[in-house]
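Architecture at a glance
One-letter residues, chain by chain:
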Amino acid sequence: MHYLKFAFRNIFRYRTRSLVTIAVIFLGFTAVSAVGGMVNNIFSQLKAQAVVIEKLGHLTFAKEGFFLNGKMDPEAYIWNGKELKDIIDIIRQDSEVVLATPRLKLFGVASNGKASSIFLSEGIVPVDDAQLITTPIDGKMNTIGAVTLPQGENRQYEVAIGSELSAMLGVGEEQYFTLLTNTLDGMANAFDAKVAHVYNTGNPATNDKYVLINFSLAQQLYDTNGAERIVVTLKNPERIEEIKNRLLQSISQAGYNAEAYTWKELSLFYEKVTAMFSVIFGVLTIIISIVVLLVTLNTMLMAVTERTREIGTLRSLGMQQGNVIRLFCFEGLIMAFAGCLIALPVLFGISEILEMLKVSFIPPVASSPVPILLKLSPEKLLIVFVLFTAAAVISSYLTSRKIAKQKVVDSLAHAN
Amino acid sequence: MNTSTNKPIVVSLQKVTKSYELGTQRISALNDISFEIYKGDFIALSGPSGSGKSTLLNMVTLLDTPDSGRIIFAGKDASTLPDKKITTFRSKEIGIVFQNYNLIPVLSAVENVAFPLQLQGISQADVLRRAKQILDRVGLASHYNHRPSELSGGQRQRVAIARALVTEPELIVADEPTAALDSKTGMEVITLMQELNVSANTTFLFSTHDPRITSIVSNVVKMVDGTIITRNGTQSEEK
């Protein structure tokens, strides 16, 4: 008789108790995996918000010291036209690079003629940006909420503005307002912008002041033919550190001093929000795992106690202590398998239902809603499966060990 | 080899004592027992409740260890062996029949009988063949696939005897094998054991309360208060 077959029969014999154990494992697995799937989805959406909507790409290159001192002395940290071309060429030569696009940041005052508000502005190359917003996030394209600027000649004065700034100035799409800024020399410069898009930046800190403008217009306003940053997207962002170092080395070999930051380092909210959700998810997983462990421990203890005399019989027939423990561990293993296996279609069902219902929420430190979906990752399902299987097997081991090791005569004398 | 009987000794208990704690009292279950069982013996152990019959059987089957004294199997003191070796030894050399049958409820009759052989790692085909042969011998040829819950008390005890026999052990020990059976079935079980003793020279040691059974067994050991008082109708040396 194989232990597995024997274990199966025992599980069927003690149906009620087995069902309780399987149900607890099923509920625990479903709960942890569902919450994990939701958190996964939130992380993915936040990543999309940072990489695509905030337009951070995967890597941002700038002159060394720019991120610390660039605001104090912008002129010193602008690459001129030749430098910009050289560095972009170096970056584009790398086989891992999908896109390298120049950027300029402007700030000043936006006005509708009656009311004014400060604005922050990013100068983008529309044709490059159209490519950036199609950057796949976790293997999937996520352009929800992403906007870019219209392409074509004579459209360089068209801009996209944050929805709160739009509301504050009372300007909507196809309407005009004025942006007042300085050149690098400190001379005042202004232009009338036409609103091409009103959009939510995804971040309340920028949604009331953000304006996307055409890169060539930003160059004109700054009176420069260069750029302060180069934003890069990659084929394999999971290798970001390796590629960053390689590119920095290539740029350095060409005689330029540059620094680079990843999108995680530049994102205003990603690390904070993911850290918060990771803590919540971690605590929840620990609590549920402890509950599963305690309940399975309890049911296994009842099963083992009830079967003490049977264990005595098995031992008297020649079954070694270790094999008695193994038999109960097999029972725990089978019940954990069953609980997790039943949970899988339920999880996929919940995932489908959420996708149909299109429920969303606004995460803290974000301004645009994130859809509530279950992003079930096979790796995480496997981790939860291993965790709960281990809990069931450990419960079986701990409870059967004591009885298996007691004197056979005491086990046989046990009153059921 | 015993010179008086010319039969080899299967097991020898030498000055075995055993006592138990019962609340604050210490109860002496076996008092300095010395006792031999020879190949082919068919011994009934009788005595009132609390006389030490079950304790003695637990010592012989190595299910329990003595406080002092030795239990000699094949020239070796088996009571001092580690648990793993005792378990292996017991599975090969001793067959046990319990008062309440102690069959594994999730296994069929043939699987119950086959179980001790499987623990020894014998091939599945051989295991089934031998298990069926033994079941045939105890008259249960038509009950191979019945679960214990589908068998009568007498049939269950036959399965238990078959399970004890299947490994062809040196000794079969039965603790009150007829206690849970009606008198007719009880006698049938004892008759079966006697037949197996005669036909295969299997050594049996069993305890019983039933005077009808002790009356048909020639080798009866009587116990009182943890001591053997008579053997084969003669006064024991220990008394």
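Rules used in this analysis
- Residues numbered from 1 in each chain as written.
- Chains lettered and ligands numbered in written order.
- Predicted model: local features only at pLDDT ≥ 70, side-chain atom pairs only at ≥ 80, totals over all residues.
- Heavy atoms only, no water.
- Helix = DSSP H or I, 4+ residues; strand = E, 2+ residues; numbered from the N terminus.
- Contact = heavy atoms within 4.5 Å.
- Areas by Shrake-Rupley, 256 points an atom, 1.4 Å probe, with all protein chains shown as cover.
- Lys, Arg positive; Asp, Glu negative; His and termini not counted.
- Charge placed at Lys NZ, Arg CZ, Asp CG, Glu CD.
- Pairing = 2+ DSSP bridges.
- Axes fitted to C-alpha atoms, helices over the stretch in contact; angles between N-to-C directions.
- 1 Å grid on protein atoms, 1.4 Å probe; cavity = no way out; pocket = protein on both sides within 12 Å on 5 of 7 lines; lining within 4 Å.
- Points joined across faces, edges and corners; volume = space filled by probe spheres on them.
- Nonpolar A, V, L, I, M, F, W, Y, C, P; charged D, E, K, R; others polar.
- Patch = residues over 30% accessible without salt bridge, like charges linked within 9 Å, V, L, I, M, F, W, Y side chains within 5 Å.
- Salt bridge = Lys/Arg side-chain N within 4 Å of Asp/Glu carboxyl O.
- Buried area = accessible area lost by both parts, 1.4 Å probe.
- Polar contact = N/O pair within 3.5 Å; in protein donor to acceptor, adjacent residues only side chain to side chain.
- Buried < 20%, exposed > 50% of the residue type's maximum accessible area, 1.4 Å probe, protein only.
- Phe/Tyr/Trp six-rings, centres within 6.5 Å; stacked < 30°, edge-to-face > 60°.
- Lys NZ or Arg CZ within 6 Å of the ring centre and 35° of its normal.

For chain A, the count of helices and strands is 14 helices and 13 strands. When contacts within chain A are restricted to residue pairs at least 6 apart in sequence, those whose partners lie at least 24 apart make up 78%. Accessible area of chain A: about 19,000 Å², with a carbon and sulfur share of 61%. Taking the average location of the 37 positive side-chain charges in chain A and that of its 36 negative ones, the two points are 17 Å from each other.

Hydrogen bonds along the backbone pair up the strands of a sheet, which may run parallel or antiparallel. All names here are of chain B. Taking strand neighbours across the sheet as the criterion, the four strands line up as E2-E1-E4-E5 in an open arrangement whose pairing is antiparallel. Looking along the sheet, the strands with just one partner apiece sit at the ends: strand E2 (25-38) and strand E5 (76-77). Across 10 bridges, the pairing between strand E1 (residues 9-22) and E2 is antiparallel. By the bridge assignment for E2, isoleucine 9 is matched with tyrosine 38. The sheet contacts of helix H1 (residues 53-60) involve E1, E2 and strand E4 (68-73), and relative to E1 the element is tilted by about 125 degrees.

Below, the discussion takes up the layout of surface pockets. Residue and element names in this part refer to chain A. In this structure, the largest pocket occupies an estimated 840 Å³ of space. Mapped onto the lining of the largest pocket, the elements with two or more residues apiece are helix H3 (66-69), strand E2 (97-111), strand E3 (116-124), strand E10 (229-234) and helix H9 (263-266). Broken down by class, the residue content of the lining of the largest pocket amounts to 16 nonpolar, five polar and nine charged. When its volume is computed, the second largest pocket comes out at roughly 500 Å³. What lines the second largest pocket is a set of 27 residues, among which Lys47, Asp138, Pro237, Glu238 and Trp263 lie closest to the centre. For the lining of the second largest pocket, the secondary-structure elements that each account for two or more residues are helix H2 (15-53), helix H5 (126-132), strand E4 (136-137), E10, H9 and helix H10 (270-306). The element best represented in the lining of the second largest pocket is H2, accounting for four residues. Broken down by class, the residue content of the lining of the second largest pocket amounts to 10 nonpolar, 10 polar and seven charged.

We now examine a nonpolar patch on the surface. A surface patch of nonpolar side chains, about 340 Å² in accessible area, is lined by Val279(A), Val283(A), Ile287(A) and Val291(A). With respect to the helices and strands, Val283(A) occurs in helix H10.

We now examine the interface of chain A and chain B. If you look at the interface, chain A gives 22 residues, while chain B gives 28 residues. Taking both partners together, chain A and chain B bury about 2,100 Å²; carbon and sulfur atoms supply 60% of that area. Counting across the interface, chain A meets chain B through 11 residue pairs in polar contact (both at pLDDT 80 or more). For the side of chain A that touches chain B, the secondary-structure elements that each account for two or more residues are helix H1 (3-13), helix H11 (308-317) and helix H14 (408-412) of chain A. If one sorts the elements of the side of chain A that touches chain B by residue count, H11(A) sits on top with seven residues. Looking at the side of chain A that touches chain B residue by residue, the classes come out as nine nonpolar, six polar and seven charged.

The next thing to look at is H1(A). Within H1(A) the residues assigned to the buried category are Tyr3(A), Phe6(A), Ala7(A), Arg9(A), Asn10(A) and Ile11(A). Residues of H1(A) that are buried in the fold lie against H2, H11 and helix H12 (321-357) of chain A together with helix H3 (109-119) of chain B.

Okay, unusual backbone geometry next. Residue and element names in this part refer to chain B. Not every positive phi belongs to a glycine, and aspartate 32 is a case in point at roughly 55 degrees. By relative accessible area, which is 39% here, aspartate 32 ends up partly exposed. The backbone of glutamate 168 sits at a positive phi, close to 50 degrees, despite the residue not being glycine. Position of glutamate 168 among the secondary structure elements: in the loop between helix H5 (153-165) and strand E7 (171-175). What makes glutamate 168 exposed here is its relative accessible area of 63%.

Turning next to a negative patch on the surface. Together, Asp73(A), Glu75(A), Asp185(A) and Asp223(A) make up a region of like negative charge exposed at the surface. Topologically, Asp73(A) is positioned in the loop between H3 and helix H4 (81-93).

Let us now look at the packing of aromatic side chains. Two aromatic rings are characterised by how far apart their centres lie and by the angle between their planes. Following the criterion strictly, the structure yields nine aromatic pairs over all chains and no others. Centre to centre, the rings of Phe337(A) and Phe385(A) are 5.0 Å apart; their planes meet at 80 degrees, and the pair counts as edge-to-face. Of this pair, Phe337(A) sits in helix H12 while Phe385(A) sits in helix H13 (residues 378-405), and the two are 48 residues apart along the sequence. Between Phe73(B) and Phe89(B) the ring centres are 4.9 Å apart and the planes differ by 70 degrees, which places this aromatic pair in the edge-to-face class. With a gap of 16 residues between them, Phe73(B) in strand E4 and Phe89(B) in helix H2 (residues 83-93) connect regions that are remote in the sequence. Given the relative accessible area of 4%, Phe73(B) is considered buried. The structure contains a cluster of three or more aromatic residues connected by ring pairs, namely Phe66(A), Phe67(A) and Tyr261(A). The ring of Tyr3(A) carries Arg326(A) above its face, with NZ or CZ at 4.9 Å from the centroid.

What follows deals with the pairing of strand E3 (residues 42-46) of chain B. Residue and element names in this part refer to chain B. Burial analysis of E3 places five of its five residues in the buried class, the great majority of the element. Relative to strand E8 (residues 203-208), E3 runs parallel, the two sharing five bridges. Residue pairing for E8: isoleucine 43 is matched across the bridge by leucine 205. In terms of strand pairing, E3 meets strand E9 (residues 219-224) through four bridges, oriented parallel. When the bridges of E9 are listed, serine 46 appears paired with lysine 222.

Read these as geometric descriptors, not functional statements.
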